[in-house]
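Coordinate analysis (summary)
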Amino acid sequence: MTAVDLSAPTPALAAPDNRSAPGRPVRSRSWRFIGYAALVLAAAGLLLPFYWMVVASLKTNNDVFTIPITWLPDPVVWRNYLDIWQRSDLTTWLGNTLLLSVLVTLLQVVTGSFAAYGFARVRFPGRDALFLAYVGTIAVPWQSYMIPQFILMSKLQLSNTLWSIVAIQAFGAFGVFLMKQFYETIPEELSESARVDGLSEFGIYRRIMLPLSRPALASLALLTFVTTWNDYLGPLIYLRSPELRTIQLGLNTFISQYNAEYALIMTGSVLSVLPVAVIFLLGQRYFIEGIATTGLKG
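Attention in this report is confined to the structure presented alongside it. Remember, predicted model here, so these are calculated numbers, not experimental data.

**Looking at the environment of S113**
With respect to the secondary-structure elements, S113 resides in helix α3 (residues 90–121). Spatially, the C-alpha atoms of S113 and L178 are 8.8 Å apart, while their sequence positions differ by 65 residues. Residues within four places of S113 in sequence aside, it is in contact with Q108, M179, Y183, Y205, L210 and L217. At a separation of 2.8 Å, a polar atom in the side chain of S113 contacts the side chain of Y205.

Put into structure tokens, the structure is as follows:
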């Protein structure tokens, strides 16, 4: 056996080449700066039309389309917001729209979350096929069954009532899909433990699933509220009486009557967008959390 001389000096290990390390943070910061700059430019491009709409609502009618564009109103005409209330039935329009948006949102949250729990946690024959068929209705355009739906509402004597809009929008396949994907991220062990303790399926849904799914519920509520608030075609078909008009129908009739009053038209547009913007700002944290976690398997 060959003896090993432990006293002999060991060869020095080659030092790692760090010549490129100092350049990496600089390059990383440069790309990050470029990314932030691109996001700022994109956000400015998206917000610019809204800013111009707000500014135009505070101008006189002759100053709205002046060339060059004045980005600050001079003078500021606050009276536009008083004139539109006096010249239009804005209170009725906003009241009808708010009522429909709240009712439809509540119903979609309840029905969507309850149906999603059945698809996600209850096992029954044909569950997956039924879910695929139900979600597949998302791909069917509303225009394809709009006339049969109108005939059905007329037979039920719901046409020209606010209940027609509530009836056709109270159930949504998108809400069921969104909530089911979120429920599947919740560990099944929680439901199994609750069943062992004697809790019913409805009790599990109410006491466990709903409290844990607040971000997804907030996302569904926000999307449904915005969609119902901005809906134009549905109220145009079903709501024919002037006292039933929503804000979108009301603004359309206002534009046809005051087609040259551009400042007032912009004022009405600001008032129609403002509630949605406020609600979105208040619920954006839950919305982002719900969208980010939906569809991820835990």
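**So, the side chain of D231**
Mapped onto the secondary structure, D231 falls in the loop between α10 (214–229) and α11 (233–238). No salt bridge is formed by the buried D231, whose closest oppositely charged neighbour, R240, lies at an N-O distance of 14 Å. At 3.0 Å, the side chain of D231 and the side chain of Q169 are in polar contact. Not counting the four nearest positions on each side in its chain, D231 is found in contact with Q169, T246 and Q248.

**Concerning the packing of aromatic side chains**
Scanning the entire structure with this criterion turns up ten aromatic pairs. Judged by centre distance (6.4 Å) and plane angle (45°), the ring pair of F119 and F124 falls under tilted. Ring centres of F202 and Y205 lie 6.1 Å apart, and the angle between their planes is 45°; this geometry places the pair in the tilted category. In this pair, F202 and Y205 both sit in helix α9 (residues 201–212), three residues apart, roughly one turn of the helix. Take F202: its relative accessible area is 47%, and that puts it in the partly exposed class. Here the aromatic cluster, defined as three or more aromatic residues joined through ring pairs, consists of F114, Y117, Y183, F202 and Y205. Taking the ring centre of F131 as reference, the NZ or CZ of K180 above it sits at 4.6 Å.

**Considering the pattern of salt bridges**
When the charged atoms of two side chains lie near each other, side chains of opposite charge can form a pair. Overall, the coordinates contain eight salt bridges when judged by the stated rule. Residue E184 pairs with K180 through a salt bridge whose shortest N-O separation is 2.4 Å. In this structure E184 comes out as partly exposed when scored by relative accessible area, which is 24%. A single salt-bridge network, built from bridges that share partners, covers R121, E188, E192, R195 and E201.

**Focus: the nonpolar core**
I84, L90, W229, I247 and F254 are the most contacted members of the largest nonpolar core, which has 22 residues in total. Elements with a minimum of two residues in this core: α1 (23–57), α2 (79–87), α3, α10, α12 (247–257) and α13 (262–293). For this core, the leading source of residues is α13, giving seven residues. Beyond its immediate stretch of four places on either side in the chain, W229 contacts L94, T97, L98, S101, I247, Q248, S272, P275 and V276. Grouped together as the second largest cluster of nonpolar side chains are 21 residues, V109, L178, F182 and Y205 included.

**Some points on the packing of α3 against α9**
Two quantities define a packed helix pair, namely the angle between the helix axes and the distance between the axes. Contact geometry for α3 and α9: axes closest at 11 Å, N-to-C directions at 110°. The orientation of α3 with respect to α9, classified from their angle, is roughly perpendicular. By crossing handedness, the relation of α3 to α9 is classed as right-handed. Contacts between α3 and α9 involve V110, S113, F114, Y117 and R121 on the former and, on the latter, E201, F202, I204, Y205, M209 and L210. In terms of residue class, the contact of α3 with α9 is made up of eight nonpolar, one polar and two charged.

**A look at the layout of surface pockets**
Taken as a whole, the largest pocket encloses approximately 830 Å³ of empty space. Residue contributions to the lining of the largest pocket peak at five residues, all from α10. Residues of the lining of the largest pocket, tallied by class, amount to 14 nonpolar, ten polar and one charged. If you trace the second largest pocket, you find 13 residues lining it, with L47, F50, V273, V276 and A277 closest to the centre. Elements represented by at least two residues in the lining of the second largest pocket include exactly α1 and α13. In terms of residue count, the dominant contributor to the lining of the second largest pocket is α13 (seven residues). A per-class count over the lining of the second largest pocket returns twelve nonpolar, one polar and no charged.

Definitions and limits used
Residues numbered from 1 in each chain as written. Predicted model: local features only at pLDDT ≥ 70, side-chain atom pairs only at ≥ 80, totals over all residues. Heavy atoms only, no water. Helix = DSSP H or I, 4+ residues; strand = E, 2+ residues; numbered from the N terminus. Contact = heavy atoms within 4.5 Å. Polar contact = N/O pair within 3.5 Å; in protein donor to acceptor, adjacent residues only side chain to side chain. Buried < 20%, exposed > 50% of the residue type's maximum accessible area, 1.4 Å probe, protein only. Lys, Arg positive; Asp, Glu negative; His and termini not counted. Salt bridge = Lys/Arg side-chain N within 4 Å of Asp/Glu carboxyl O. Phe/Tyr/Trp six-rings, centres within 6.5 Å; stacked < 30°, edge-to-face > 60°. Lys NZ or Arg CZ within 6 Å of the ring centre and 35° of its normal. Core = buried A, V, L, I, M, F, W, Y, C linked by side-chain atoms within 4.5 Å. Axes fitted to C-alpha atoms, helices over the stretch in contact; angles between N-to-C directions. Parallel < 35°, antiparallel > 145°, perpendicular 65-115°, else oblique. Left-handed = near helix turned anticlockwise from the far one by under 90°. Nonpolar A, V, L, I, M, F, W, Y, C, P; charged D, E, K, R; others polar. 1 Å grid on protein atoms, 1.4 Å probe; cavity = no way out; pocket = protein on both sides within 12 Å on 5 of 7 lines; lining within 4 Å. Points joined across faces, edges and corners; volume = space filled by probe spheres on them.

Everything listed here is a matter of coordinates, which is why it stays silent on function.
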